[in-house]
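Chain residues, written in single-letter form:
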Amino acid sequence: MMIGERIQQARKASGLSLRVLAEKTGVTAMAISKYENNQSTPSSGVLLALSNALRVRTEYFFRQVSVELKEVEYRKHSKLPKKVLAQIEGNVLEQIERYLTLEEILPVSPIQAFELPKSLPAKITDYDEIERLANLLRKEWKLGQNPILDLTGTLEERGIKVFQAEALHDGKFDGLACRVNGAPIIVVGINWPGDRQRFTLAHELGHLILNGRLSAELLENEEKLAHRFAGAFLAPASEVLKELGSQRSWFEPRELCVLKKAYGLSMSAWLRRAQDLSIINDATYLKMVKLFRKYGWHKQEPCDEYPREEPQVFTQLVFHALAEDLVSESKAAELMGKSLREFRALRKVDHARSAINQ
Ligand SMILES: [Zn+2]
């Protein structure tokens with residue numbers, strides 16, 4: 001990839017038009033357009049101005065790794081304008097490039113390549129099979145039946161890369177799943193509460209698993225099935241029955257708060273689980289949904305927010321590489337997407353603590 005494409009990619013990732021970038025840098029839009037088309041080469045001064053305005057390091061423009069997102073699947077894609085999608089994809093690409101650069105530096109990756117268990121059924125023909133599928137995956141991944149405390153770590157350990165991107169466009173971006181060089185990647189909105197991030201992660205995992213297994217009749221319901229999978233994976237049917245009982249006529253909201261805290265599954269999703277498993281009938285479900293709407297709980301749930309998920313593997317690997325002298329401090333900072341000063345603050349664990357206390 002030449003420098004022109006890199007400039008354009010960074011510009012799209014930042015969501016800036018040629019005109020706005022020109023204003024921010026004092027370089028004309030015409031000149032920037034020429035750089036992007038490799039018709040002229042920017043001076044180092046111009047590159048510095050571009051890197052400041054686009055919030056990337058100048059090394060970014062010279063990076064050799066180039067990747068392409070394949071089989072991109074969005075949650076709620078229909079509501080997002082093309083420009084926002086390009087911005088999200090650009091942002092994700094940049095993160096993935098740093099990850100792949102790091103993987104090339106590390107002689108042996110401690111993370112296994114992603115592979116789905118062979119024992120999963122080849123075809124899914126009805127909704128109830130989703131419950132069995134989720135259970136089977138839990139069994140193969142040795143997760144037991146308990147709540148999954150660190151879902152991001154659980155996925156990362158098994159070779160699914162998890163990234164975070166800003167919940168752009170009035171928070172309409174929940175997440176996306178895609179493949180890069182055949183490896184699965186899930187991206188979640190960074191600003192969502194933890195339970196929503198976890199549902200997105202599990203939903204996208206559902207797509208990964210359902211892909212190629214759905215019968216022709218079910219194919220058009222893939223979204224619903226991915227939702228069902230997410231609920232079933234986060235709160236297995238056997239546990240839901242234990243927690244709620246097999247027949248209910250109503251739930252106290254506080255009861256759902258407690259369960260949300262234990263499982264990292266939203267109160268609304270618990271209601272849906274209760275309906276899916278016929279613990280409440282449709283009329284009760286609708287009455288409860290109405291109650292949630294009345295108090296605005298369908299947008300913001302009462303009780304404590306569930307803590308956010310945080311990908312850890314990448315940071316761990318960067319410091320591993322630094323500790324073993326595989327990268328310089330400056331390269332490590334670049335990989336983390338931080339300035340050297342920010343990186344040094346992160347590196348010094350004592351100082352990091354005092355910085356938090358300030
Ligand atoms: Zn989906």
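Structure report, in brief. (Residues numbered from 1 in each chain as written. Predicted model: local features only at pLDDT ≥ 70, side-chain atom pairs only at ≥ 80, totals over all residues. Heavy atoms only, no water.)

## Points about the pattern of salt bridges
Here is the rule we go by: Criterion for a salt bridge: a side-chain nitrogen of Lys or Arg within 4 Å of a carboxyl oxygen of Asp or Glu. Helix and strand definitions here come from DSSP, where helices need a minimum of 4 consecutive H or I residues and strands a minimum of 2 consecutive E residues; each element is numbered from the N-terminal end. Only protein chains enter the area calculation, which uses a 1.4 Å probe; residues under 20% of their type maximum are buried, those over 50% are exposed, and those in between are partly exposed.
Here the structure, examined in full by the defined rule, presents 20 salt bridges. Between R11 and E36 there is a salt bridge, with its nearest N and O atoms 2.5 Å apart. Placement of the pair is R11 in helix α1 (residues 3-14) and E36 in helix α3 (residues 29-36), with a sequence separation of 25 residues. E36 gets classed as buried once you look at its relative accessible area, which sits at 5%. The salt bridge partner of D128 is R228, with a shortest N-O separation of 3.5 Å. Of the two residues, D128 is situated in helix α6 (residues 128-140) and R228 in helix α10 (residues 222-234); the sequence distance between them amounts to 100 residues. Since its relative accessible area comes to 7%, R228 is described here as buried. Salt bridges sharing partners connect three or more residues here, namely D128, E131, R228, R273 and D276.

## Side note on the packing of helix α5 (residues 82-105) against helix α16 (residues 329-336)
Pairs of packed helices are described in terms of their axes, by the angle between the two and the distance that separates them. Quick reminder of the rule: Only C-alpha atoms enter the line fits that serve as axes; for helices the fit covers just the stretch in contact. Angles between N-to-C directions range over 0 to 180 degrees. Convention used here: angles under 35 degrees read as roughly parallel, angles over 145 as roughly antiparallel, angles from 65 to 115 as roughly perpendicular, and any remaining angle as oblique. For this analysis, residues touch if any pair of their heavy atoms sits within 4.5 Å. Classification used: nonpolar for Ala, Val, Leu, Ile, Met, Phe, Trp, Tyr, Cys and Pro, charged for Asp, Glu, Lys and Arg, polar for all others including Gly.
Relative orientation of the contacting elements α5 and α16 amounts to 140°, with a least axis distance of 9 Å. As the angle between them shows, α5 and α16 are arranged oblique. Note on element contacts: α16 touches α5 through K331, E334, L335 and M336, opposite R98, T101, L102 and I105. Its residues assigned to classes, the contact of α5 with α16 shows 4 nonpolar, 1 polar and 3 charged.

## Observations concerning the packing of aromatic side chains
Test applied: In summary, the pairing rule links any two rings of Phe, Tyr or Trp, Trp by its six-membered ring, whose centres are within 6.5 Å, and it sorts them by plane angle into stacked for under 30 degrees, edge-to-face for over 60 and tilted for everything else. By definition here, charges over rings are those cases where NZ of Lys or CZ of Arg is within 6 Å of the ring centre and within 35 degrees of the ring normal.
Inspection of every chain in the model, using the stated rule, returns 9 aromatic pairs. Note on W141 and F233: the rings are 6.3 Å apart at their centroids and 85° apart in plane angle, and the pair reads as edge-to-face. Taken together, the positions of W141 in the loop between α6 and α7 (151-157) and F233 in helix α10 put the pair 92 residues apart, joining distant regions of the chain. In this pair, the class of W141 matches that of F233, namely buried. Geometrically, the ring pair formed by Y263 and W270 is edge-to-face, given 5.1 Å between the ring centres and 75° between the ring planes. Classification of Y263 by relative accessible area gives buried; the value is 3%. By the ring-pair criterion, three or more aromatic residues cluster together here, those being Y99, F163 and F314. The positively charged end of R138 is found above the aromatic ring belonging to F233, 5.8 Å away from the centroid. Directly above the aromatic system of W192 lies the positively charged group of R196, at a separation of 3.6 Å from the ring centroid.

## Comments concerning the side chain of R158
Note the following rule: Under the rule applied, a polar contact is a pair of N or O atoms within 3.5 Å (in protein, one hydrogen donor and one hydrogen acceptor; residues adjacent in sequence only if both atoms are side-chain atoms).
Counting through the fold element by element, R158 comes out in the loop between α7 and β2 (161-165). For R158, the side chain forms a polar contact with the main-chain oxygen of T154, separated by 2.8 Å. Discounting chain neighbours no more than four positions away, the residues touching R158 are Q112, A113, F114, W141 and L143.

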